[in-house]
Amino acid sequence: MADHDQGAVTLYSGTAITDAAKKNHPFSVKVGLAQVLRGGAVVEVSSVNQAKIAESAGACAVLISDPPRSPAAAGVQRMPDPSLVKEVKRAVSVPVMARARVGHFVEAQILEHLAVDYIDESEILSVADEGNFINKHNFRSPFICGCRDTGEALRRIREGAAMIRIQGDVTRTGNVAETVRNVRRVMGDVRVLNNMDDDEVFAFAKKLSAPYDLVAQTKQMGRVPVVQFASGGITTPADAALMMQLGCDGVFVGCEVFEGTDPFKRVRSIVQAVQHYNDPHVLAEMSSGLESAMESLSLLFYYTPNLILAAIILTAVIGLIDYQAAYKLWKVDKFEFFTCMCSFFGVLLVSVPLGLAIAVSGSFSSQDLVA
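A quick note: this is a predicted structure, and the numbers were derived from the prediction, not measured.

Engineer: It is not clear to me how the overall build of the protein should be interpreted in this structure. Could you clarify?
Structural biologist: Helix and strand content of the protein: 15 helices and 10 strands. The burial tally for the protein puts 45% of its 371 residues in the buried class. Here the contacts in the protein between residues at least 6 apart in sequence split such that 60% fall between residues at least 24 apart.

Engineer: Which parts of the structure should I look at to understand the packing of helix 6 (residues 177-194) against helix 8 (residues 212-221)?
Structural biologist: Relative orientation and spacing of two packed helices are given, respectively, by the angle between their axes and the distance between those axes. Two elements in contact, helix 6 and helix 8, have axes separated by 9 Å at closest approach and are oriented at 85°. Comparing the axis directions of helix 6 and helix 8 gives the class roughly perpendicular. Of the residues in helix 8, those touching helix 6 at Val 190, Leu 193 and Asn 194 are Val 215, Thr 218 and Lys 219. Of the residues belonging to the contact of helix 6 with helix 8, the class tally is 3 nonpolar, 2 polar and 1 charged.

Engineer: Is there a simple way to think about the pattern of salt bridges in this case?
Structural biologist: Oppositely charged side chains are able to pair whenever their charged atoms sit close together. On inspection of all chains with the given rule, the structure shows 14 salt bridges. The closest approach of N and O atoms between Glu 44 and Arg 99, which form a salt bridge, is 3.3 Å. Residue Glu 44 is located in strand 3 (residues 40-45), and its partner Arg 99 is located in strand 5 (residues 96-101); the two are separated by 55 residues in the primary sequence. The exposure classification of Glu 44 matches that of Arg 99, with both residues buried. Note that Arg 158 is salt-bridged to Asp 213, the shortest N-O span being 2.5 Å. Of this pair, Arg 158 sits in helix 5 (residues 150-159) while Asp 213 sits in helix 8, and the two are 55 residues apart along the sequence.

Engineer: Explain helix 8 to me, please; I cannot follow it from the model alone.
Structural biologist: For an α-helix the count is 3.6 residues per turn, leaving residues at separations of three or four pointing the same way. Within helix 8, 7 of the 10 residues are buried, which leaves the element mostly enclosed by the surrounding structure. Along helix 8, the residues classified as buried are Asp 213, Leu 214, Val 215, Ala 216, Gln 217, Thr 218 and Met 221. One or two positions beyond helix 8, positive phi appears at Gly 222, with a value near 75°.

Engineer: What is the right way to look at the environment of His 104 in this model?
Structural biologist: Relative to the helices and strands, His 104 resides in the loop between strand 5 and helix 4 (105-113). Its relative accessible area of 21% is what places His 104 among the partly exposed residues. Each C-alpha atom, one on His 104 and one on Arg 78, is 9.6 Å from the other, the two residues being 26 residues apart in sequence. In this structure, His 104 is in contact with Ala 128 and Ile 134, ignoring residues within four places of it in sequence.

Engineer: What is the right way to read the packing of helix 6 against helix 7 (residues 198-208) from this model?
Structural biologist: Taken N-terminus to C-terminus, the directions of helix 6 and helix 7 make an angle of 160°; their axes are 11 Å apart at the nearest point. Our classification of the angle between helix 6 and helix 7 gives roughly antiparallel. The two elements helix 6 and helix 7 meet at a crossing, and its hand is right-handed. Counted together, Asp 189, Val 192 and Leu 193 of helix 6 and Val 201, Phe 204 and Leu 208 of helix 7 form the full contact between these two elements. Of the residues belonging to the contact of helix 6 with helix 7, the class tally is 5 nonpolar, no polar and 1 charged.

Engineer: Is there a simple way to explain the side chain of Thr 150 in this structure?
Structural biologist: As for its position among the elements, Thr 150 is in helix 5. A relative accessible area of 3% means that Thr 150 is categorised as buried. If we ignore the near neighbours within four places in the chain, the residues touching Thr 150 are Arg 185, Val 186, Asp 189 and Leu 208.

Engineer: Please explain the nonpolar core as it appears in this structure.
Structural biologist: Note that soluble globular proteins tend to have their nonpolar side chains buried in a common cluster. Among the nonpolar cores identified, the biggest contains 86 residues, and Met 97, Met 243, Val 251 and Phe 258 are the most heavily contacted of them. Contact partners of Val 251, with chain neighbours within four places excluded, come to Gly 40, Ala 41, Val 42, Phe 229, Ala 230, Ile 234, Ala 240, Met 243, Ile 270 and Val 274.

Engineer: What should I look at first to understand a negative patch on the surface in this one?
Structural biologist: Taken together, Asp 197, Asp 198, Asp 199 and Glu 200 make up a surface patch of like negative charges. Among the secondary structure elements, Asp 199 is positioned in helix 7.

Engineer: Just to check I follow, could you spell out helix 7 for this structure?
Structural biologist: For helix 7, the complete set of buried residues consists of Val 201, Phe 204, Ala 205 and Leu 208. Taken end-on, helix 7 shows its buried residues confined to a sector of 105°, consistent with a single buried face. Exposed residues on helix 7 whose side chains face more than 90 degrees from its buried face are Asp 199, Ala 203, Lys 206 and Lys 207. Buried residues in helix 7 make contact with helix 5, helix 6 and helix 8. The backbone nitrogen of Asp 199 lies 3.2 Å from a side-chain oxygen of the residue at the head of helix 7, namely Asp 197. Looking one or two residues beyond helix 7, the residue adopting positive phi is Ser 209, at roughly 55°.

Engineer: I would appreciate a short explanation of the sheet that holds strand 7 (residues 143-147) in the present structure.
Structural biologist: The strands that make up a sheet are held in pairs by hydrogen bonds between backbone atoms, and each pair lies either parallel or antiparallel. With parallel pairing, the 8 strands of this closed barrel are ordered in space as 3-4-5-6-7-8-9-10. Looking at each pair of strands side by side, their axes are set apart by 30° on average, direction ignored. The sheet contact formed by strand 6 (residues 118-122) and strand 7 spans 3 bridges and is parallel. Within the sheet, the bridge partner assigned to Ile 119 lies in strand 7 and is Phe 143. Against the sheet, helix 4 contacts strand 5, strand 6 and strand 7, and its axis sits at roughly 160° relative to strand 5.

Analysis parameters
Positions within a chain are numbered from 1, following the residues in the order the chain's sequence is written. Predicted model: local features are reported for residues with pLDDT of at least 70 only, side-chain atom pairs are reported and counted for 80 or more only, and whole-chain, interface and lining totals are derived from all residues. Excluding hydrogens and water, the side-chain values take into account all heavy atoms of the structure. Secondary structure elements are taken from DSSP: a helix is a run of H or I of four residues or more, a strand is a run of E of two residues or more, and numbering for both begins at the N terminus. Think of it in three bands: with a 1.4 Å probe and only protein chains considered, a residue is buried below 20% of the maximum accessible area for its type, exposed above 50%, and partly exposed in between. Contacts are assigned to residue pairs that have any heavy atoms within 4.5 Å of one another. In this analysis an axis means a line fitted to C-alpha atoms, helices contributing only their contacting stretch, and an angle means the value between N-to-C directions, from 0 to 180 degrees. Throughout, the term roughly parallel applies to angles under 35 degrees, roughly antiparallel to angles over 145, roughly perpendicular to angles from 65 to 115, and oblique to all others. Gly counts as polar in this scheme, as do all residues outside two lists: the nonpolar Ala, Val, Leu, Ile, Met, Phe, Trp, Tyr, Cys and Pro, and the charged Asp, Glu, Lys and Arg. Salt bridge criterion: a side-chain nitrogen from Lys or Arg within 4 Å of a carboxyl oxygen from Asp or Glu. Crossing handedness follows the turn of the near helix against the far one: under a right angle anticlockwise gives a left-handed crossing, and clockwise gives a right-handed one. Buried Ala, Val, Leu, Ile, Met, Phe, Trp, Tyr and Cys residues form a nonpolar core when they are joined through side-chain atoms within 4.5 Å. The patches reported here contain residues having more than 30% relative accessible area and no salt bridge. Joining distances are 9 Å for like charges and 5 Å for nonpolar side chains (Val, Leu, Ile, Met, Phe, Trp, Tyr). Every accessible area reported is derived by Shrake-Rupley at a probe size of 1.4 Å, with residue values counting cover from the shown protein chains alone. Counted as positive: Lys and Arg. Counted as negative: Asp and Glu, with His and the chain ends omitted from the count. Note on charges: their place is set at NZ of Lys, CZ of Arg, CG of Asp or CD of Glu. What the arc measures is the spread of directions leading from the helix axis to the C-beta atoms. Here a polar contact means two N or O atoms within 3.5 Å. Within protein one must be a hydrogen donor candidate and the other an acceptor candidate, and residues neighboring in sequence count only if both atoms are side-chain atoms. At least two DSSP bridges between two strands are required for those strands to pair.

In structure tokens form, the structure reads like this:
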């Protein structure tokens, strides 16, 4: 239950949620700002052009991130470049979000100074403080925090999170299974809590490692006390509608949607799916014609690493070839030279076992000829 002695009380669907005693940054205002996003899709962008596409496609907000880097150059991932944040804010009229590292309150201060509408304290970035999250009550901007279970969600809310992001896959593979599992875990805990009596709530709060008053409010409201979005692996209209039907208030869409041939159509279809998640006719229409774009994206991810690896191997192998030694071998023993070349191209173009088999067979044949 809400403790009225602690300060302001936020009304969420006619039910109370406790606020911290921060008169200058009322939690009620932050939760209200987060509720504006309900029923929408937040699209991750890494350029001004992508932000414009997302806005025109109907995204309720854009989440700024640095352009994707190769695994070798990834290193420590930090908040986005402030200059990119400024450019995006000038270019679009929808709310703008930006990520700060977990525990890095200075990055949050910078983002608040840049006047971002929401700050995402994101575990997707490199963690800055392994033992402490940001005290979000100290900021004017509403915070978004990730969770994988109910206890984690309620702990982040106690710290001042005005919106919860139920996080799934973070590798951008398009696999929605982990997100579904975490969403079902949160929704399942809420259903179990609804059937408990007051005495059992104490033990359940201890099991979740969550504040008792927030657990009691969750039971009273029949849901987590703030807006809850799903994030991770959501790349199709069907994925988005699935999250909504499971009980989420909206979805986060990764920047991989911009890799296809028609990013506007893909983003638009997901936005429509979120708004009409119970209408199979709309979902079928929104899912039509996306296969080619998604197929080209899959082919890009599938072949690019192999091409890069092949280029590296070929460059390295060409540099290792001793042309003078090969010429001398040709002059001395043409059969050995032929065997060497067959073995070389067998390894390079087919497989290592084939190349080794050719080399061994050629060696035995050469010994038989000598004998």
